[in-house]
Every structure is written in C-alpha cells, then in structure tokens.
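Each chain is listed here by its residues.
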Amino acid sequence: MKEINLDTKDTKEKYFLMKVKEHKTEIAIATVTAFAVVVGIVIHKNSSVFNISEKYIAKSVKEIKGISPMLTVATDNYGIDNNLANKDINVSGYPRKLREGHKRSSDRLELALQHQCILADDETWVNPYSYQKMGA
C-alpha cells in the first residue's frame, strides 16, 4: 500500500482535489438536495407573500380581460352531464373481424353495403346498438 505524504500545502491541495474528483456525483447530489431544501423553506416562509401577489394578479386580469386566470369550477353546463347515475351510450354500426373458420351471413353483407362499407372476406357487420352505463 502506498503511503500518502501530507507534509506540504501543495500535496494537501492535490489530495483534496483527487477526493473531490472521486466523489463528484455524490457532491453534486448533496448540493442539489441542499438547494432544494433551502428553496422549499424560503417558499414556505414566504407563502403569505405569494398568496397576496396571486390575488393582485387575479384581480388585474379580471379587470383587464374579464376572465379568471385560475378557473377551478365549471361556470356553465356546456358538455357536462349532471346526471351521472345512468347514461345512455349509442354505438354506431361497424365492421368486425370474424374468428378463424367463421363466415358472415349474406344479410350482414347487405347491411354493410347500405352503410357504404365494403367488407373483407373475414369481416362481418355489427348493427348499431345502445346500452345504459351505470355511473357514480
């Protein structure tokens, strides 16, 4: 084993730099972690300042454009179904692949043609249907 002589200042600096190079990943991770903790503490301590500034920004945007910058509740019922208990789902007719060895009936081909759909040999036509979806 090699003995390290730390008598001179130059040798101590080289030894320090060598150790820093060996552990640069750990040092970088520790630095980033410490910085994140400090930023988190500063934000937490100054949260009242941030809330006040958000109120002023929201007020000025409402006055200028007449809109709310942080919309958390729907203001109209456009596209929203308030009756979540039962919902009717309508499914259009569509072509479906047949399992191997199965053939479609002739009336399925006629129905597909009525809907301007050309079926491949291994496809059939599924009629439109609806069902009721149970919601929350």
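About the thresholds
- Chains are numbered independently. Their residues run from 1 in the order of the written sequence.
- The model is predicted, so local features are restricted to residues of pLDDT at least 70 and side-chain atom pairs to those at 80 or more, both for listing and for counting; the totals for chains, interfaces and linings are taken over all residues.
- The side-chain figures draw on all heavy atoms in the structure; neither hydrogens nor water molecules are used.
- Helix and strand definitions follow DSSP, with helices as H or I runs of at least four residues and strands as E runs of at least two, each counted in order from the N terminus.
- The buried label goes to any residue with under 20% of its type's maximum accessible area, the exposed label to any with over 50%, and the partly exposed label to all in between, with areas taken from a 1.4 Å probe on protein chains only.
- Throughout, a residue-residue contact means that at least one pair of heavy atoms, one from each residue, lies within 4.5 Å.
- Two strands qualify as a pair provided that DSSP identifies no fewer than 2 bridges between them.
- Two joining distances apply to patches: 9 Å for like charges and 5 Å for nonpolar side chains (Val, Leu, Ile, Met, Phe, Trp, Tyr), and every residue must have over 30% relative accessible area and no salt bridge.
- Accessibility throughout is a Shrake-Rupley quantity obtained with a 1.4 Å probe, and a residue counts as covered only by protein chains that appear here.
- The salt bridge definition used is simple: a Lys or Arg side-chain nitrogen within 4 Å of an Asp or Glu carboxyl oxygen.
- For every residue, the predictor states its confidence as a pLDDT score lying anywhere from 0 to 100.
- The convention is simple: Lys and Arg are positive, Asp and Glu are negative, and His and the chain ends are not counted.
- Any pair of nitrogen or oxygen atoms within 3.5 Å is treated as a polar contact; in protein, a donor-acceptor pairing is required on top of that, and neighbouring residues in sequence qualify only through side-chain atoms on both sides.

1. Some remarks on the overall build of the chain
Piece 1. Along its length, the chain carries four helices and four strands.
Piece 2. For the chain, the N- to C-terminal ordering of α and β elements is α-α-α-β-β-α-β-β.
Piece 3. A burial count over the chain gives 7% of its 136 residues as buried.
Piece 4. Of all intrachain contacts in the chain linking residues separated by at least 6 positions in sequence, the fraction that spans at least 24 positions is 58%.

2. Side note on the pairing of strand 3 (residues 123-126)
In summary, the side chains of a regular strand alternate between the two faces of the sheet.
Piece 1. Here strand 3 shows two buried faces, one formed by Glu 123 and Trp 125 and the other by Thr 124 and Val 126.
Piece 2. With four bridges joining them, strand 2 (residues 94-97) and strand 3 adopt antiparallel strand pairing. The partner of Arg 96 across the bridge, within strand 3, is Thr 124.

3. What to know about a nonpolar patch on the surface
Piece 1. The grouping of Phe 16, Leu 17, Val 20 and Ile 27 at the surface amounts to a nonpolar patch, some 360 Å² of accessible area in total.
Piece 2. Element by element, the count of residues in the nonpolar patch is highest for helix 1 (residues 9-22), at three residues.
Piece 3. Within the secondary structure, Phe 16 is located in helix 1.

4. What about the pattern of salt bridges?
Piece 1. Across all of its chains, the model carries two salt bridges by this definition.
Piece 2. The closest approach of N and O atoms between Glu 22 and Lys 19, which form a salt bridge, is 3.6 Å. In this pair, Glu 22 and Lys 19 both sit in helix 1, three residues apart, roughly one turn of the helix.
Piece 3. For Lys 19, a relative accessible area of 32% puts it in the partly exposed group.
Piece 4. The closest approach of N and O atoms between Asp 122 and Lys 97, which form a salt bridge, is 3.1 Å. Pair noted here: Asp 122 is in the loop between helix 4 (106-114) and strand 3 and Lys 97 is in strand 2, with a separation of 25 residues, a long-range link.
Piece 5. Judged by its relative accessible area of 33%, Asp 122 falls in the partly exposed class.
Piece 6. Judged by its relative accessible area of 55%, Lys 97 is exposed.

5. What about the side chain of Thr 124?
Piece 1. Structurally, Thr 124 can be placed in strand 3.
Piece 2. On the basis of relative accessibility, which here comes to 6%, the residue Thr 124 falls in the buried class.
Piece 3. Filtering out sequence-adjacent residues up to four positions away, Thr 124 remains in contact with Tyr 94, Pro 95, Arg 96, Leu 98, Arg 104, Arg 108 and Leu 119.

6. With respect to the environment of Gln 132
Piece 1. For Gln 132, the location among the structural elements is in strand 4 (residues 129-134).
Piece 2. Here Gln 132 falls in the partly exposed class, since its relative accessible area comes to 47%.
Piece 3. Residues contacting Gln 132, with those up to four places away along its chain left out, are Asn 86, Lys 87 and Asp 88.

7. A look at the confidence of the model for the chain
Piece 1. This prediction gives the chain a mean pLDDT of 75; 63% of its residues lie at or above 70.
Piece 2. This stretch, residues 66-74, has a pLDDT under 50; its non-local contacts, to residues over four places away or in other chains, come to seven contacts.

8. Some points on the side chain of Glu 123
Piece 1. Mapped onto the elements of the fold, Glu 123 is located in strand 3.
Piece 2. No salt bridge is formed by the buried Glu 123. Its closest oppositely charged neighbour is Lys 97, at 4.8 Å.
Piece 3. In this structure the side chain of Glu 123 is engaged in a polar contact, spanning 3.1 Å, whose partner is the backbone nitrogen of Ala 120.
Piece 4. Glu 123 has contacts with Pro 95, Arg 96, Lys 97, Leu 98, Arg 104 and Ile 118, leaving out every residue within four places of it along the chain.

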